[in-house]
Amino acid sequence: MTKRIRYPLLLCLQLVTATLVLLPFFWMFSVSLKPATEPFAIPAQLWPDNPTLENYILALRPEFQRYFLNSVIVCGATLLITIPLALLAAYSLSRFQFRLLSVFLGAVVLAQFFPAGAMIIPLYKIVRSANLLNTYLGLIIAYITVTLPVAIWMLRGFLLKVPKTLEEAAAVDGASPLRAFFDIVVPLARPGIIATSVFVLIVTWQEFLFALSFTSSKEMRTLPVGMNDYIGQYGIRYGELMASSVMISLPVIAIFFFLQRQFVAGLTAGAVKG
Amino acid sequence: MAPVTLNSITKRWGTFVAVDSISLDIADGEFLVLLGPSGCGKSTTMRMVAGLDEPTSGEVLIGGKVVNDLPPGARDLAMVFQNYGLYPHMTIAQNIGYPLKVARVPKAERERRVREAAERVELAGLLDRKPSALSGGQRQRVALARAIVRTPQLFLMDEPLSNLDAKLRVSMRAQLKHLQRELGTTTIYVTHDQVEAMTMADRVAVMRDGRLQQVGAPLEIYNRPANAFVAGFLGNPSMNLIEVDVSDGRVRHPRFSIEARDVRLSGPAILGQRPEDMSVVNSGEGDFDGEVYTAELLGDSVLVTTRLGDELIAVKADKSISVSMGEKVGFRFGRSALHFFSRETGERIGE
Ligand SMILES: Nc1ncnc2c1ncn2[C@@H]1O[C@H](COP(=O)(O)OP(=O)(O)O)[C@@H](O)[C@H]1O
Ligand SMILES: [Mg+2]
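Keep in mind that this is a model prediction, so the values were computed, not measured.

A.B. asks: What is the right way to look at the sheet that holds strand β2 (residues 16–26) of chain B in this model?
C.D. replies: Remark on secondary structure: sheet strands pair via backbone hydrogen bonds, oriented parallel or antiparallel. All names here are of chain B. Taken together, the four strands give an open sheet; going across it, the order is β2-β1-β4-β5, and neighbouring strands pair in antiparallel fashion. Of all the strands in the sheet, the pair left with one neighbour each is β2 and β5 (65–66). As paired strands, strand β1 (residues 4–13) and strand β4 (residues 57–62) are joined by five bridges and run antiparallel to one another. Counted as the bridge partner of V4 is I62 from β4.

A.B. asks: Would you mind going over the packing of aromatic side chains with me for this structure?
C.D. replies: Any two aromatic rings considered together are summarised by their centre-to-centre distance and by the angle between their planes. All names here are of chain A. In total, this model carries 17 aromatic pairs over all chains according to the counting rule given. With a centroid separation of 6.0 Å and 35° between ring planes, the pair formed by Y124 and F214 is classed as tilted. Note that Y124 is positioned in helix α5 (residues 116–129) and F214 in helix α10 (residues 209–214), a separation of 90 residues in sequence. Classification of Y124 as partly exposed rests on a relative accessible area of 30%. We classify F214 as buried; its relative accessible area is 1%. Residues F181 and F182 carry aromatic rings whose centres are separated by 5.2 Å and whose planes lie at 70° to one another, so their mutual orientation is edge-to-face.

A.B. asks: I keep staring at the domain arrangement of chain B and nothing clicks. Help me out?
C.D. replies: Interface size is commonly expressed as the accessible surface area that is lost when the partners come together. Residues and elements named next belong to chain B. Here the domain parsing of chain B yields domain 1 (4–227) and domain 2 (233–341). Facing the 13 residues of domain 1 at the interface are nine residues of domain 2. Buried surface at the junction of domain 1 and domain 2, summed over both partners, amounts to about 900 Å²; 71% is from carbon and sulfur atoms. Of all residues in domain 1, Q194, Y222 and P225 give up the largest surface area on contact with domain 2, accounting jointly for 56% of the area buried on that side. Applying the counting criterion to the domain 1 and domain 2 interface returns zero salt bridges. Across the domain 1-domain 2 interface, the total number found is three residue pairs in polar contact (both at pLDDT 80 or more). Residue assignment for the side of domain 1 that touches domain 2 shows that the elements contributing at least two residues are α6 (194–200) and α7 (218–223). Per-element accounting of the side of domain 1 that touches domain 2 gives the leading share, three residues, to α7. Grouping the constituent residues of the side of domain 1 that touches domain 2 by class yields eight nonpolar, five polar and no charged.

A.B. asks: Sorry, what's going on with the UniProt feature "transmembrane region" (unreviewed entry) in chain A here?
C.D. replies: Residue and element names in this part refer to chain A. On the UniProt side, "transmembrane region" (unreviewed entry) is annotated at positions that read residues 7–29, 67–91, 103–124, 136–155 and 235–259 here. Across residues 103–124, helical content stands at 82% and strand content at 0%; the span's end C-alpha atoms are separated by 27 Å. End-to-end, the C-alpha atoms of residues 235–259 are 39 Å apart, and along that stretch the chain is 88% helix and 8% strand.

A.B. asks: Please clarify how the packing of helix α8 (residues 177–188) of chain A against helix α9 (residues 190–205) of chain A should be interpreted in this entry.
C.D. replies: In a packed pair of helices, the relevant descriptors are the angle between the two axes and the axis-to-axis distance. Residue and element names in this part refer to chain A. For the pair α8 and α9, the least separation of the axes is 4 Å and the interaxial angle reads 60°. Looking at the two axes, α8 sits oblique to α9. In this structure, α8 uses V186, P187 and L188 to contact α9, whose residues at the interface are R190, P191 and I193. A per-class count over the contact of α8 with α9 returns five nonpolar, no polar and one charged.

A.B. asks: How do you make sense of the site of ligand 1 when you look at a structure like this?
C.D. replies: All names here are of chain B. Inspection of the region around ligand 1 gives W13, F16, A18, P37, S38, G39, C40, G41, K42, S43 and T44 as its neighbouring residues. Note that a nitrogen atom of ligand 1 is positioned 3.3 Å from one of the side-chain N or O atoms of W13. Interatomic distance of 2.5 Å between a side-chain N/O atom of T44 and an oxygen atom of ligand 1. Protein burial of ligand 1: of its 560 Å² of free accessible surface, 59% is covered by the chains. Among the elements of the structure, β2 and α1 (42–50) are those that each provide at least two residues to the shell around ligand 1. When residues in the shell around ligand 1 are grouped by element, the largest group, three residues, is from α1. Taken together, the residues of the shell around ligand 1 sort by class into five nonpolar, five polar and one charged.

About the criteria used
Residues numbered from 1 in each chain as written. Chains lettered and ligands numbered in written order. Predicted model: local features only at pLDDT ≥ 70, side-chain atom pairs only at ≥ 80, totals over all residues. Heavy atoms only, no water. Pairing = 2+ DSSP bridges. Helix = DSSP H or I, 4+ residues; strand = E, 2+ residues; numbered from the N terminus. Phe/Tyr/Trp six-rings, centres within 6.5 Å; stacked < 30°, edge-to-face > 60°. Buried < 20%, exposed > 50% of the residue type's maximum accessible area, 1.4 Å probe, protein only. Domains from an automatic or database assignment. Contact = heavy atoms within 4.5 Å. Buried area = accessible area lost by both parts, 1.4 Å probe. Salt bridge = Lys/Arg side-chain N within 4 Å of Asp/Glu carboxyl O. Polar contact = N/O pair within 3.5 Å; in protein donor to acceptor, adjacent residues only side chain to side chain. Nonpolar A, V, L, I, M, F, W, Y, C, P; charged D, E, K, R; others polar. UniProt positions renumbered as here; feature names shortened; annotations may be inferred. Axes fitted to C-alpha atoms, helices over the stretch in contact; angles between N-to-C directions. Parallel < 35°, antiparallel > 145°, perpendicular 65-115°, else oblique. Near = heavy atom within 4 Å. Areas by Shrake-Rupley, 256 points an atom, 1.4 Å probe, with all protein chains shown as cover.

Structure representation (structure tokens):
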């Protein structure tokens, strides 16, 4: 194929792909702006006749704020615990050889093939017997079981790329191993740390199943579970549901937007070396 | 400033012996070059001195004190790595100042000493840049500045010039040597380049397969190589080594037979002679005749080679000589500079 045919063809393909991916988001946004009477008007309208923000105002109930706070606490804590632990673990896995290394790394990958549904009952039993049902800590621990192995695996790929000579240079310069770790290794692994953090945030921020199973009271719910409020026995309040969906997506989109270069670079780097 | 002693240090990786029982005394302020082909254990030896690798057995002494159990940072030495080992996320000033920062030197003094070290290696204008914005030669000088900023007892340099182009290498060689003289700091310098070793060293220690072959001043090693390996390794073009039989004061070879009256050995041997000690003469007037295989103009001389058995023999002749390929000429050994080595062990024999 010549360039002249190939270029427009690729462009068309990209447009189709982009449309397929973005259409649900567009629909979400569009519905969130429709007045309560409009969502199911027939024929369906791509854009509301009378866009309004009333859904957003309705959606920003005190409960929503509570859910938001819960999500921030659970996700933030998961992140703040996962990253340092993963960093130290990945560091030792990247610097020291031991016999079970490949077994461990294989197990991490293998664990990703298990659907969350398969893990939920044993995890539930563990959380319950630790008396941590319906607490932040219970949910955080459950999340860490998912995020930590993947974070270790990702970070190890980055740490392998930090040349050993630099740590040796630091050792000769008088730095202790821990000091060299913080002064040299951590700054150089920053893109990887950012990529891994974004990954952890995305996974936890949208998590539904664990959050639903391990919390029972309304006060402990996170955003994805809280959205259930709009799905009632007698109907679904689509406008508010979509408005809160938009608000839930915004932080993730914003983070991704600001860090996308490092994130993409990070993912590929981790992929090659992992 | 401190003397360094290696007390039969050995390093094994599994069953592979990388460094085999090396003993060496390095005087205070001496510039010692560890020379040998790639893979012979030079870096490993240096890393054991630095404390980056632990000897399997043996002792390392710095300033008369056994340092085997001290971490690198506590040995008061500085090291220049082959790939420079600069911290890419730090500026040049931060790179140079890092050892001082770790040692908690107050900021003002740190800045002063960084500036002094940078000036010493002509880097003063580049202090705010990152290593990635520097050329190879400049990076090399940053690594040097980081080494001298602390005024340690001992410098270790592992092939510090090998990543530079030929011209820069020559000028850095001179600068480095000058700097070392000026500071008077004991230095161990690793290289596989015999020219570097010859030009910079107070003493050279030649290694092969983890073993020390010979230690001595460059000229001493050049003039009296302890074995055939050292003889062939030092000097460019390298020494001619010819299998001969010695008996009754004569050196015999299918193509020649020369008198060597003061040689008190007999039996099979290896005859060694440096290209500059041989000469090209008219056909029939030398020790043997041969066809010119190549004649290369080196600038100050002409390198003439000829086949002798399976070997190519090289002769450094005066540049005024004019011979052409295929021409038949005579070759003559310089009688005063014949070397003999055992055919079994390669060790030097005679005199
Ligand atoms: N960490 C290691 N594990 C196994 N073998 C090694 C290790 N480091 C070096 N070696 C081996 O030891 C020998 C000497 O290496 P080195 O000291 O780096 O040689 P040189 O610096 O003279 O080129 C080489 O054959 C090398 O492959
Ligand atoms: Mg080496």
